[in-house]
Amino acid sequence: MATAVAGPEIERLIQLLARLPGLGPRSARRAALFLIKKRELLMAPLTGALQTAMDKIVVCKTCGNIDTKDPCTVCTDPRRDPSILVVVADVADLWALERANAVNGRYHVLGGTLSPLDGVGPQDLSIDALVSRAHGDEVKELILALNATVDGQTTAHYITELLQNAGVKVTRLAHGVPVGGELDYLDEGTLSAAMKQRTLF
Ligand code: ZN
């Protein structure tokens, strides 16, 4: 443990920043110092933005997306094709697909993937809700946009089996997605191509 160079308030800020993805202790210290130096220009607006987001953030009860309204912006967008339902593990994947402009459908966020080793079973994910949405009249195609990892593919197989008699076409992303690849880390071109060349599951 390094010796503290600042008071507990600043050390706490550094510790919290260090929990952000991509920031280790050293970058967190740099970020904290940057914020402190720019406290009028950056720290004050950031504090406000964090507080506003904190007050307004809701999870969409329909799809599981994170937004400031429920149903979310994606679910209420009338230009989207209601016959396409894209299944993703995490909100980050939904946002990645949207960033890539990959598909003009609606989404379903599972909240993770099945992982027997970590004790994550179907009851821990939003699978029941997915099954009932897939059985709705509107949905014609279910696109499994899951990571090309063992857990992602286990989940894809599980859902495919469950929906065998649901009368929907189940497709998955093409293999532009590298084996072991996580969607959130793919560039937009790869993601968009994988979506266009999706295959029947
Ligand atoms: Zn939604």
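Here, every reference points to the structure presented above.
Here is a short report on the structure shown in this document. Within each chain, residues carry numbers counting from 1 in the order of the written sequence. Local features in this predicted model are restricted to residues of pLDDT 70 or higher, and side-chain atom pairs are both shown and tallied only at a pLDDT of 80 or more, whereas totals for entire chains, interfaces and linings draw on every residue. Water and hydrogen atoms play no part in the side-chain values, which are based on all heavy atoms of the structure.

**Thoughts on helix 4 (residues 91–99)**
So, step 1. All of the buried residues in helix 4 are Val91, Asp93, Leu94, Ala96 and Leu97.
So, step 2. Contacts were defined at the residue level, with two residues in contact if any of their heavy atoms lie within 4.5 Å. Put simply, DSSP marks the helices as runs of H or I at least four residues long and the strands as runs of E at least two long, and each gets a number from the N terminus on. Considering only its buried residues, helix 4 is in contact with strand 2 (66–67), strand 3 (84–88), strand 4 (106–109) and helix 7 (188–196).
So, step 3. Each polar contact in these results corresponds to two N or O atoms within 3.5 Å; when the atoms are within protein, one needs to be able to donate a hydrogen and the other to accept it, and residues that are neighboring in sequence are counted only if both atoms are side-chain atoms. By the N-cap criterion, in which a side-chain oxygen at the helix start approaches the backbone nitrogen of a residue two or three places on, helix 4 is capped by Asp90, the distance to Ala92 being 3.1 Å. A simple rule labels every residue: compare its accessible area, found with a 1.4 Å probe on the protein chains alone, to the largest value its type can have, and call it buried under 20%, exposed over 50%, or partly exposed in between.

**Details of the coordination of the zinc ion**
Note on metal sites: the ideal angle is 109.5 degrees for four tetrahedral donors, and 90 or 180 degrees for six octahedral donors.
So, step 1. The rule for donors is simple: N, O or S, within 2.8 Å of the metal, or within 3.2 Å if the metal is Na, K or Ca. Water isn't counted, so a site may look like it is missing partners. Bound to the zinc ion on the protein side are Cys60 (SG), Cys63 (SG), Cys72 (SG) and Cys75 (SG), at distances that span 2.3 Å.
So, step 2. In this structure, the zinc ion is coordinated by 4 donor atoms arranged in tetrahedral fashion, with angles at the metal of 103 to 115°.
So, step 3. Mapping the donors of the zinc ion onto the primary sequence gives the spacing C-x2-C-x8-C-x2-C. With Cys60 in the loop between strand 1 (58–59) and strand 2 and Cys72 in the loop between strand 2 and strand 3, this residue pair connects regions lying 12 residues apart in the sequence. We note that Cys60, like Cys72, is buried. Geometry is assigned from the angles between donors: four donors with all angles from 85 to 135 degrees make a tetrahedral site, four or six donors whose opposite pairs exceed 155 degrees while the rest stay between 65 and 115 make square planar or octahedral sites respectively, and everything else is labelled irregular.

**What about a nonpolar patch on the surface?**
So, step 1. A cluster of nonpolar side chains, contributed by Ile57, Val59, Ile66 and Trp95, occupies part of the molecular surface with about 380 Å² of accessible area.
So, step 2. Relative to the helices and strands, Ile66 resides in strand 2.
So, step 3. A relative accessible area of 34% means that Ile66 is categorised as partly exposed. Every patch collects residues that have over 30% relative accessible area and no salt bridge, joining them within 9 Å if they carry like charges and within 5 Å if they are nonpolar side chains (Val, Leu, Ile, Met, Phe, Trp, Tyr). Here the Shrake-Rupley method, with its probe set to 1.4 Å, supplies the accessible areas, and only the displayed protein chains count as covering residues. By salt bridge we mean one thing: a side-chain nitrogen of Lys or Arg within 4 Å of a carboxyl oxygen of Asp or Glu.

**What about the pattern of salt bridges?**
So, step 1. Within the structure shown, the criterion is met by 6 salt bridges.
So, step 2. Arg29 serves as the salt-bridge partner of Glu11, at 3.6 Å between the closest nitrogen and oxygen. Linking Glu11 in helix 1 (residues 8–17) with Arg29 in helix 2 (residues 25–37), this pair joins segments that are 18 residues apart in sequence.
So, step 3. Judged by its relative accessible area of 12%, Glu11 is buried.
So, step 4. Measuring nitrogen to oxygen at the nearest pair gives 2.6 Å for the salt bridge that ties Glu141 to Arg198. Here the residue Glu141 occupies a position in strand 5 (residues 141–144), and Arg198 occupies one in the loop between helix 7 and strand 7 (199–200), the gap between them amounting to 57 residues.
So, step 5. A single salt-bridge network, built from bridges that share partners, covers Asp77, Arg79, Arg80 and Glu98.

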